[in-house]
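# Inside the fold
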Amino acid sequence: MKFALFLGCQIPAACPSYETWSRRVLGAFNVDLVDIEFGCCGQTVRSLNFEAFVLAAAKNLALAEQAGLDILILCKCGFGNLKHAQFFLQERPALRDYVDKTLGAEGLVYRGEARVKHILSVLSEDIGPETIREKVVKPLNGLRVAVHYGCHALRPSRVTGFGDPLAPTVFETLIQAAGAEPVDWPGRLQCCGNPLWGQNNELSLSFTRRLASQADQAGADLICNACTRCQVQFSTWQGQEAEGSGRPKARNVLYSELLGVSLGFSDLESELVGLPGKETAASES
Amino acid sequence: MLFSVSLYASLAIFLLGAIYRIWTWFTRNVGPPKEGFSAGRRLAAAFRGTLRAVFSRNLVRILKSFLLEALLQVRTLRRDRFRWVMHMLIWVGFILLLLMHALASLVTKEIFSGYESTLNPYLFLRNLFGAMVLAGAVLAWYRRATRKTVRSTTRFIDHGPLILLAVIMVSGFLLEGTKIISYPIFNQMVEDYSGVEDPEELEALKVYWAENYGVVFPRLEAKPDQETLAASREIHEWNCAGCHDRPQWAFLSYAGAKIMKPAALFLSEIRADVWLYYIHFLACFIGLAWLPFSKFFHIISSPLNLMVRSVLDPVRAEPANAATWRAMAFDACTHCGACSEHCSVEAVFTALRNRTILPSEKLTALKRLASNQGLSSQDLRNVQEGAFICSLCRRCTDVCPVGIDLQSLWEIIEEDLRAKGFPEPQVWAREVGASRAASAAAEPLQPDHQAMAALFSGGLSADGFSECFKCSTCTNVCPVTATWDEPARNLDLAPHQIMQALNLGLVDLALSARMLWDCTTCYLCQEHCPTGVPVTEIFFELKNAAYDRWKKVEGPAADRSGVGVEFQTLPRVGVKS
């Protein structure tokens, strides 16, 4: 199995452990990751200019196609944006024309052939929970995990095709494969608040606060994300509000980290220092 | 006379300029004024910091950085071999020329006792080094002409120094070439250095030099026979050979001489060599005087920046030193464009053409901001847009060959502009919408079907909203609406009301609703809409349209700062808390 790895812009500066753990976890299942110098998925400009957004996303798709590879992406927002670009480029010939001309000037061609897959889909569809279960050496027995799906993979389902938008089970199945127990909680399909960060921080954090207390009430030890921006948002909230004021019990962790711990990557655990979730995950396993 | 006057004048300008440039490292403030320190405090802190670094184990890191990053330029080598070859050619060639040729009497003669500029290896090496610089300059020009992003950012500050380098090198080659073919120079050298006095011997020597050294004489006897040649060689070896190797070793100058040969007598008559000599040294002195005011200054500032970087942790360092280091960035930058070539949002620049999206241009704007050079409100809003569109991926910081901590400058610029009354585009657009809505509140609502048609003419989400049958499911599932007890007070319109406004042709009402900018884009509304209205997509299009329209109709942001909506002062996503 071979993919072009789309890291997304946030990982290098804000969430480097997501890259480290994901590479190790995918490596354990013989997924080859090819590094291409991708650019922005278009997220930063989507509210300001539609063409710029689609062009930025399409350039990445064209780069992957040039290398003859499908894209594996770690971030839900990036996933949604690339999927949207594919969708719009198919639906709107005038837009396709603009993109073709602009990319053509750089020697790139967009064909719409590259598949875009989120890491959760690769793990659940291409590798499968059974294969994962066989590799787990330290099952996270008794660890209660609140999975947080992330909006932009689920919705709009017509565009993203990630799974059932109203009652998805992919993430829970993967949590079980690592030996942990998914809890039922109301926030699993809700927004983390991150898209509003920087524009309306009060509103943004109110979302995160609500989710964290819901996870607490459901008796979760951890909130598990599979998206860079969701993870950064929960960490930001922990840093902004929870510190010193009776920090809520549920910490946030990335699925790659959680799975990595269960696969026995103890050498990487030092990377979890400072990241909430470390103590819980390690002590429970 | 002209030589020494211009030398000392350019040296003086160089020294004053360099002092001024270094002074700005301690006086310029990058970022909000609250972090300002007096120049005295910054100088003192820098002095303390330097002492601490030099008299500790950190010295090893400084030396390592100087050797590997400044001299061998491994940071460039790792990223871009072409650029490394190009730059090594220029700088190695130039430094060697400077030491061996320009400073011959101070350096080369002191080290090598038998130094003569007309002898090998110097004769050959001078051409080799010059050829290196020229080749490097041509490669640099080629890079700037052919690479898309660099081409779009190239200005006179980039071409100017390349042109000057080329003028210095080419005038040097031509100077040497005209001297090779020049008979007045020959006569003068015979007079100065040889013992030839007998006219017949002199004629014989001319024969030899015309044949073997390329000198062109006005009148020479017909083709010399073997005997004459043999005799003249003896005279040559006795008088000249000891101090003058064959000019063919100066391969480029000799090629130039060959080309000029048909015009040799004319060039000798007008003393082209003298003119070229003036051009050559004046170009050098212009370069020296211009050095502190051009990108040539990076010869000093970039290695310093790298060495400081090797020991300065901007987070833990004395704040005064961190401030000084930030100000150094402007001079350390060589405008090489590597950051912009690798910029993650380069495609967005292609679409929007706002130059400040690109890191190299953003840094230029930041420099103007920090040195209080007039930037209009329009400029400042552009800079804020550019800073906002930056995805903070830190690639620019990783690829910068001189190790400027660009990403933290971007974070500072946003904060600084916020403080100056220029919030991020989305915050700004939300404010403008709110103020327009407030001022229009008393007026009766007027449908504007023309504006509606224009708004959705791009065939974007078309008129998807016309499918809306007012069930308000979108509003009921919206987590933003659910946050407020009285959504209308905070959002102006709820999602289903925006759809309804569009159906009634109330464009202005829809465009100015704060709901648009507070939408978290979770797509719950769109997913749940029973008739398939692409609610979130329509919101995106309305935001695009509102942003465009506000940019056109609104006065500069500063004129209406403090509009009443408080914008946030916390850093945005990507900043580690």
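Scope of this entry: the structure provided in the associated data block. (Residues numbered from 1 in each chain as written. Chains lettered and ligands numbered in written order. Predicted model: local features only at pLDDT ≥ 70, side-chain atom pairs only at ≥ 80, totals over all residues. Heavy atoms only, no water.)

### Some details on the overall build of chain B
Counting its secondary structure elements, chain B contains 33 helices and 0 strands. In terms of C-alpha radius of gyration, chain B reaches 34 Å, well past the compact-globule figure of 25 Å for 577 residues. Judged by the C-alpha coordinates and their principal axes, chain B covers about 115 × 55 × 40 Å. In chain B, which comprises 577 residues, the proportion classed as buried is 51%. Within chain B, residue pairs in contact and separated by at least 24 positions form 76% of the contacts whose partners lie at least 6 positions apart. As presented, chain B carries roughly 27500 Å² of accessible surface, and 61% of it is formed by carbon and sulfur atoms. (Helix = DSSP H or I, 4+ residues; strand = E, 2+ residues; numbered from the N terminus. Rg over C-alpha atoms; globule rule 2.2 N^0.38 Å. Buried < 20%, exposed > 50% of the residue type's maximum accessible area, 1.4 Å probe, protein only. Contact = heavy atoms within 4.5 Å. Areas by Shrake-Rupley, 256 points an atom, 1.4 Å probe, with all protein chains shown as cover.)

### Describing the packing of helix α6 (residues 119-127) of chain A against helix α10 (residues 170-177) of chain A
Residue and element names in this part refer to chain A. Contact pair α6 / α10: the axes reach a minimum separation of 10 Å and the direction vectors enclose 65°. On the basis of the axis angle, α6 is roughly perpendicular to α10. Our pair here, α6 against α10, has a crossing hand that is left-handed. Judged by residue contacts, L120, L123 and S124 of α6 engage V170, F171 and L174 from α10. Considering only residue class, the contact of α6 with α10 consists of 5 nonpolar, 1 polar and no charged. (Axes fitted to C-alpha atoms, helices over the stretch in contact; angles between N-to-C directions. Parallel < 35°, antiparallel > 145°, perpendicular 65-115°, else oblique. Left-handed = near helix turned anticlockwise from the far one by under 90°. Nonpolar A, V, L, I, M, F, W, Y, C, P; charged D, E, K, R; others polar.)

### Considerations on the sheet that holds strand β3 (residues 70-73) of chain A
Residue and element names in this part refer to chain A. The sheet built from 4 strands is open, its strands ordered β2-β1-β3-β4 with parallel pairing. Each having just a single partner strand, β2 (32-35) and β4 (116-118) make up the two edges of the open sheet. Across this sheet, the average inter-strand angle for adjacent strands is 40°, counted without regard to direction. Pairing of β3 with β4 involves 3 bridges; the strand directions are parallel. When the bridges of β4 are listed, L72 appears paired with K117. (Pairing = 2+ DSSP bridges.)

### A word on a nonpolar patch on the surface
Residues and elements named next belong to chain B. Taken together, the side chains of L2, F3, V274, W275, Y277, Y278, L282 and I286 make up a nonpolar region of the molecular surface, amounting to roughly 730 Å² of accessible area. Those elements that place two or more of their residues in the nonpolar patch are α1 (2-27) and α15 (272-290). The element that contributes the greatest number of residues to the nonpolar patch is α15, accounting for 6 residues. In this structure, Y277 sits in helix α15. (Patch = residues over 30% accessible without salt bridge, like charges linked within 9 Å, V, L, I, M, F, W, Y side chains within 5 Å. Salt bridge = Lys/Arg side-chain N within 4 Å of Asp/Glu carboxyl O.)

### What about the sheet that holds strand β8 (residues 251-254) of chain A?
Hydrogen bonding along the main chain pairs the strands of a sheet, whether they run parallel or antiparallel. Residue and element names in this part refer to chain A. Pairing is parallel in the open sheet, where 4 strands are placed in the order β6-β5-β7-β8. Bordering the open sheet on either side are β6 (181-182) and β8, each of which pairs with just one other strand. The pairing of strand β5 (residues 144-148) with β6 spans 2 bridges and is classified as parallel. The residue of β6 that forms the bridge with V145 is P182. Here helix α13 (residues 255-262) sits on the sheet and contacts β5, β7 (222-225) and β8; the angle it forms with β8, its principal contact strand, is near 80°.

### Focus: the packing of α1(B) against helix α17 (residues 319-332) of chain B
Residue and element names in this part refer to chain B. Contact geometry of α1 with α17 gives a least axis separation of 7 Å together with a crossing angle of 140°. Along this stretch, α1 crosses α17, giving a crossing that reads as right-handed. Here R21, T24, W25 and F26 of α1 come into contact with α17, specifically with T324, A327, M328 and D331. In terms of residue class, the contact of α1 with α17 is built from 4 nonpolar, 2 polar and 2 charged.

### Some details on helix α5 (residues 81-102) of chain B
All names here are of chain B. The terminal C-alpha atoms of α5, which comprises 22 residues, lie 29 Å apart, in line with the 32 Å expected from a rise of 1.5 Å per residue. Three or more residues of α5 are buried, namely R83, M86, M88, I90, G93, L97 and M100. Looking at the buried residues of α5, the elements they touch are α3 (58-71), α4 (74-79), α6 (108-111), α7 (122-146), α9 (156-181) and α18 (338-341). (Expected span 1.5 Å × (residues − 1).)

### Overview of the interface of chain B and chain A
The parts lose accessible area when they come together, and the size of an interface is often stated as this lost area. Between chain B and chain A, the residue contacts involve 56 residues of the former and 56 residues of the latter. In total, chain B and chain A occlude about 4800 Å² of area from one another, counting both sides; carbon and sulfur atoms represent 57% of this. Summed over the shared surface of chain B and chain A, the result is 5 salt bridges. Here K148(B) ties to E106(A) by a salt bridge, and the two come within 2.9 Å at their closest N and O atoms. In this assembly, chain B and chain A are joined by 20 residue pairs in polar contact (both at pLDDT 80 or more). Broken down by secondary-structure element, the contributors of at least two residues to the side of chain B that touches chain A are α19 (346-352), α21 (377-389), α24 (425-440), α27 (479-483), α31 (515-518), α32 (524-528) and α33 (535-553) of chain B. (Buried area = accessible area lost by both parts, 1.4 Å probe. Polar contact = N/O pair within 3.5 Å; in protein donor to acceptor, adjacent residues only side chain to side chain.)

None of the figures reported here should be taken as evidence of function without further support.
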